[in-house]
Amino acid sequence: MKQTYMNRIISIREKGFFMDTVQYDQVYDPMIGIGSLEINCNIEISFVVSGTGFHRVLNHVFPCQSGDIYILNEYIPHCYYAAEDSSALTIRRLTFSPKEWFNAKYASSSESDFLYGCFRESRIMAYAMLTQAVCENIGCVFDEIAAEFYERRSEWREAARA
């Protein structure tokens, strides 16, 4: 699987948090085995910044485009691919450990309110297609989280939780 890491914004794995921007330029091939997919031990929020392509989750393939946002549960095999007639797909990713961020009611995947009910419809993934204005706001949130880390402000954790 070909991935080009474009801009690593922050990498704080020891604190259960990671954020980066990744460009996927490999075209989707249905023959790619599930063992070649990415698996995160944390929750992943992926925001499609630009491009069109496909998001494979387990053996399901979803078309994706700029403005889509996905929240993937822990340990779910997945990957993004560019469309054949498109340029690379750019994704901003934020991963975190719920146990590091939320109390037991919201941090345990066995609870109905896990991540505030984000996975009530599907234990695998939540999805939303955003308007342009909301996309700009989400981009600003990612930028602010990165700025909080860079500046090492003590309030960053509370701001990110809000």
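Treat the numbers as computed from the prediction; the structure is a model and nothing was measured. (Residues numbered from 1 in each chain as written. Predicted model: local features only at pLDDT ≥ 70, side-chain atom pairs only at ≥ 80, totals over all residues. Heavy atoms only, no water.)

1. A look at the overall build of the chain
Here comes step 1: When its secondary structure is counted, the chain shows 4 helices and 9 strands.
Here comes step 2: Along the chain, helices (α) and strands (β) appear in the sequence β-β-β-β-β-β-β-β-α-α-β-α-α when read from the amino end.
Here comes step 3: Scored against the burial criterion, the 162 residues of the chain give a buried share of 44%.
Here comes step 4: For the chain, the computed accessible surface area is about 8,700 Å², with 52% contributed by carbon and sulfur atoms. (Helix = DSSP H or I, 4+ residues; strand = E, 2+ residues; numbered from the N terminus. Buried < 20%, exposed > 50% of the residue type's maximum accessible area, 1.4 Å probe, protein only. Areas by Shrake-Rupley, 256 points an atom, 1.4 Å probe, with all protein chains shown as cover.)

2. A few points about the side chain of Glu 38
Here comes step 1: Take Glu 38: it is sitting in the loop between strand 2 (17-24) and strand 3 (43-50).
Here comes step 2: Note on Glu 38: relative accessible area 11%, which makes it buried.
Here comes step 3: A polar side-chain atom of Glu 38 sits 3.0 Å from a polar atom in the side chain of Arg 93. (Polar contact = N/O pair within 3.5 Å; in protein donor to acceptor, adjacent residues only side chain to side chain.)

3. A word on the nonpolar core
Here comes step 1: Within the largest apolar cluster, 17 residues are counted, with the highest numbers of intra-cluster contacts made by Phe 17, Met 19, Ile 43, Leu 94, Phe 96, Phe 102 and Leu 115.
Here comes step 2: When contributions to this core are tallied by element, the ones reaching two or more residues are strand 2, strand 3, strand 8 (89-96), helix 2 (104-107) and helix 3 (132-151).
Here comes step 3: If you tally residues by element for this core, the top one is helix 3, at 4 residues.
Here comes step 4: Sequence-distant contacts of Ile 43, that is, excluding residues within four places in its chain, are made with Ile 71, Leu 72, Asn 73, Glu 74, Leu 94, Thr 95, Phe 96, Pro 98, Phe 114, Leu 115 and Phe 119. (Core = buried A, V, L, I, M, F, W, Y, C linked by side-chain atoms within 4.5 Å. Contact = heavy atoms within 4.5 Å.)

4. Focus: the sheet that holds strand 7 (residues 78-82)
Here comes step 1: Strands sit in the order 5-4-7 across an open sheet of 3 strands; the sheet is antiparallel. The sheet is open, and its two edges are formed by strand 5 (60-65) and strand 7, each paired on a single side. Along the sheet, successive strands turn relative to each other by an average axial angle of 25°, direction set aside.
Here comes step 2: Relative to strand 5, strand 4 (residues 52-57) runs antiparallel, the two sharing 6 bridges. Directly across from Arg 56, in strand 5, lies its bridge partner Val 61. (Pairing = 2+ DSSP bridges. Axes fitted to C-alpha atoms, helices over the stretch in contact; angles between N-to-C directions.)

5. Notes on the packing of aromatic side chains
To describe a pair of aromatic rings, you give the distance between the ring centres and the angle between the ring planes.
Here comes step 1: This structure, assessed with the given rule, holds 5 aromatic pairs.
Here comes step 2: Seen from their ring centres, Tyr 28 and Tyr 81 are 5.3 Å apart, and the 65° between their planes marks the pair as edge-to-face. Taken together, the residues Tyr 28 in the loop between strand 2 and strand 3 and Tyr 81 in strand 7 connect sequence positions 53 residues apart.
Here comes step 3: Judged by its relative accessible area of 1%, Tyr 81 is buried. (Phe/Tyr/Trp six-rings, centres within 6.5 Å; stacked < 30°, edge-to-face > 60°.)

6. Here's the deal with unusual backbone geometry
Here comes step 1: We note that Leu 58 has phi near 55°; this positive angle belongs to a residue other than glycine.
Here comes step 2: By the element assignment, Leu 58 lies in the loop between strand 4 and strand 5.
Here comes step 3: Unlike most non-glycine residues, Tyr 75 shows phi in positive territory, near 60°.
Here comes step 4: For Tyr 75, the location among the structural elements is in the loop between strand 6 (68-72) and strand 7.
Here comes step 5: Residue class for Tyr 75 comes out exposed when judged on its relative accessible area of 55%.

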